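# Coordinate inspection notes
Take a look at the letters that make up each chain.
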Amino acid sequence: QAALVALMAQMGSFVAASKARLGVVDRIFTRVGASDELSRGQSTFMVEMSETANILNHATSKSLIILDEIGRGTSTFDGVSIAWSVTEYLHDKLKARTLFATHYHELTELGRVLRGVRNQHVAVKEWGEGIIFLHQIVEGPTDKSYGIHVARLAGIPREVVERSKVILAGLEAMTLDQHDRPKLALKRPKPGELQQLALFAKPAPSGPDPLLAELAKLDYNRLSPLEALKKLSDYVEKARKRAT
């Protein structure tokens, strides 16, 4: 609807709104829907990524971009990572006007760290065990998703729905902080700065970690791939023995 309004307004037509203020756009890009092209060797996710790549490589600051989900066809962490990075690219480099619909709660954190990002959601009212869609767009991120409710409405067996609620509670406990916000760092890394998990989760009880000291002395430029794998295996075994 937003894309059609922009197109009709630019051609001088009436639009389906009581009031509209739109800037001129050079192109309208959309990535909507999920379909594969298996006859051409492209999975649903490959099609999705190809469409996204076309947008990122050809859109300008004058473009209007409509995105309906990114990252659904791969693992959750892969999907969130790609969607997060795409949003940063659109905001920081392309600076294009974009409407991005997503079910990843983690992405709402970008509203806290990117000045040009605004969160909005469709208002929903819970009524007993059901939900009522109010057909209203309100400011801010939603406090929860309603996928399990929709699954129940679609006829998923009650036992499966109830088990889903239990699993969801466990997953949220691991991925949300004490304020029910995703545990993604608000601090954005500097260009070239990598963020990765520590090699060893627990520091040594006291004094310098002997394994870290050994790693610091390692001349990894002289190691063959096989020797590197052997070293890694040795370190893992040492860490396992120390932990027990």
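Residues numbered from 1 in each chain as written. Predicted model: local features only at pLDDT ≥ 70, side-chain atom pairs only at ≥ 80, totals over all residues. Heavy atoms only, no water.

## Re the overall build of the protein chain
The condition that has to hold: Strands here are runs of E lasting at least two residues and helices are runs of H or I lasting at least four, both read from the DSSP assignment and numbered beginning at the N terminus. When accessible area is computed with a 1.4 Å probe and restricted to protein chains, residues below 20% of their type maximum are described as buried, those above 50% as exposed, and intermediate ones as partly exposed. Only heavy atoms matter for contacts: two residues are in contact if any of them lie within 4.5 Å across the pair. Note on areas: Shrake-Rupley with a 1.4 Å probe; residue coverage comes only from the protein chains shown.
What the protein chain contains, in helices and strands, is eight helices and five strands. Listing every helix and strand of the protein chain by position from the N terminus yields α-β-α-β-α-β-α-β-β-α-α-α-α. Taking all 244 residues of the protein chain together, 22% fall into the buried category. A separation threshold of at least 6 residues defines the contact pool for the protein chain, and within that pool the share at least 24 residues apart is 52%. Here the protein chain displays about 18000 Å² of accessible surface, and carbon together with sulfur accounts for 58% of that area.

## Notes on the confidence of the model for the protein chain
Using the following cut-off: Every residue carries a pLDDT, the predictor's confidence in it, which falls somewhere between 0 and 100.
Per-chain confidence: the protein chain averages 82 in pLDDT, with 84% of residues scoring 70 or above. Contacts of residues 197-201 to residues separated by more than four positions or lying in other chains number six contacts, the stretch itself having pLDDT below 50.

## Topic: the sheet that holds strand 2 (residues 64-68)
Selection rule: Pairing between two strands requires that DSSP report at least two bridges joining them. Every axis in this analysis is a line fitted to C-alpha atoms, fitted for helices over the stretch in contact. Angles between the N-to-C directions lie between 0 and 180 degrees.
Spatially, three strands are ordered 1-2-3 in an open sheet, and the strand pairing comes out parallel. Two strands close off the open sheet at either side, each with one partner strand: strand 1 (28-31) and strand 3 (97-101). Here the average twist between neighbouring strands, direction ignored, is 5°. Pairing geometry for strand 2 and strand 3, over five bridges, is parallel. From the neighbouring strand, L67 faces strand 3, where its bridge partner is F100. Relative to the sheet, helix 2 (residues 44-58) contacts strand 1 and strand 2, its axis offset from that of strand 1 by approximately 160°.

## Focus: the nonpolar core
What counts here: We call a set of buried residues a nonpolar core when its members are Ala, Val, Leu, Ile, Met, Phe, Trp, Tyr or Cys and they connect through side-chain atoms within 4.5 Å of each other.
I65 and L90 are the most contacted members of the largest nonpolar core, which totals 21 residues. When residues of this core are traced back to their parent elements, those giving at least two are helix 2, strand 2 and helix 3 (76-94). Here this core takes six residues from helix 3, the largest share from any one element. With sequence-adjacent residues up to four places away left out, I65 is seen in contact with F29, I55, A59, L90, A96, R97, T98 and L99.

## Thoughts on a nonpolar patch on the surface
Cut-off, in case you're wondering: A patch consists of residues exposed above 30% relative accessible area that lack any salt bridge, with like charges linked at up to 9 Å and nonpolar side chains (Val, Leu, Ile, Met, Phe, Trp, Tyr) linked at up to 5 Å. For this analysis, a salt bridge means a side-chain nitrogen from Lys or Arg found within 4 Å of a carboxyl oxygen belonging to Asp or Glu.
A cluster of nonpolar residues, L4, L7, M8, M11 and I28, forms a patch on the protein surface that exposes about 470 Å² of accessible area. Per-element tally for the nonpolar patch: the top contributor is helix 1 (residues 2-10), with three residues. As for its position among the elements, L4 is in helix 1. A relative accessible area of 54% means that L4 is categorised as exposed.

## Let's talk about the pairing of strand 5 (residues 130-139)
Pairing of strand 4 (residues 120-127) with strand 5 involves seven bridges; the strand directions are antiparallel. Within the sheet, the bridge partner assigned to E126 lies in strand 5 and is I131. If you look at the hairpin formed by strand 4 and strand 5, you'll find two residues sitting between the two strands, and G128 has a positive phi there, around 65°.

## Section: the pairing of strand 2
Filter applied, for reference: When the strands point away from the viewer and the path from the first strand over the helix to the second turns clockwise, the crossover is right-handed.
Most of strand 2 is tucked away, with four of its five residues classed as buried. Here strand 1 runs beside strand 2; their pairing, made up of four bridges, is parallel. Paired with F29 across the bridge in strand 2 is I65. Between the parallel elements strand 1 and strand 2, the chain passes through helix 2 in a crossover that is right-handed. Crossover strand 2 to strand 3 through helix 3 is right-handed.

## Digging into the pattern of salt bridges
This model, assessed by the stated rule, comprises three salt bridges. The partner of R112 in a salt bridge is E109, and the shortest N-O contact between them spans 2.9 Å.

## Looking at the packing of helix 2 against helix 3
We count it as follows: Note that the term roughly parallel is reserved for angles under 35 degrees, roughly antiparallel for angles over 145, roughly perpendicular for angles of 65 to 115, and oblique for everything else. Throughout this entry, Asp, Glu, Lys and Arg are counted as charged residues, while Ala, Val, Leu, Ile, Met, Phe, Trp, Tyr, Cys and Pro are counted as nonpolar. The remaining residues, Gly among them, count as polar.
Contact pair helix 2 / helix 3: the axes reach a minimum separation of 12 Å and the direction vectors enclose 10°. The angle between helix 2 and helix 3 falls in the class roughly parallel. Residues F45, M49, T52, I55 and L56 of helix 2 touch helix 3, and the partners they reach there are I82, V86, Y89, L90 and L94. Classifying every residue of the contact of helix 2 with helix 3 by side-chain character gives nine nonpolar, one polar and no charged.

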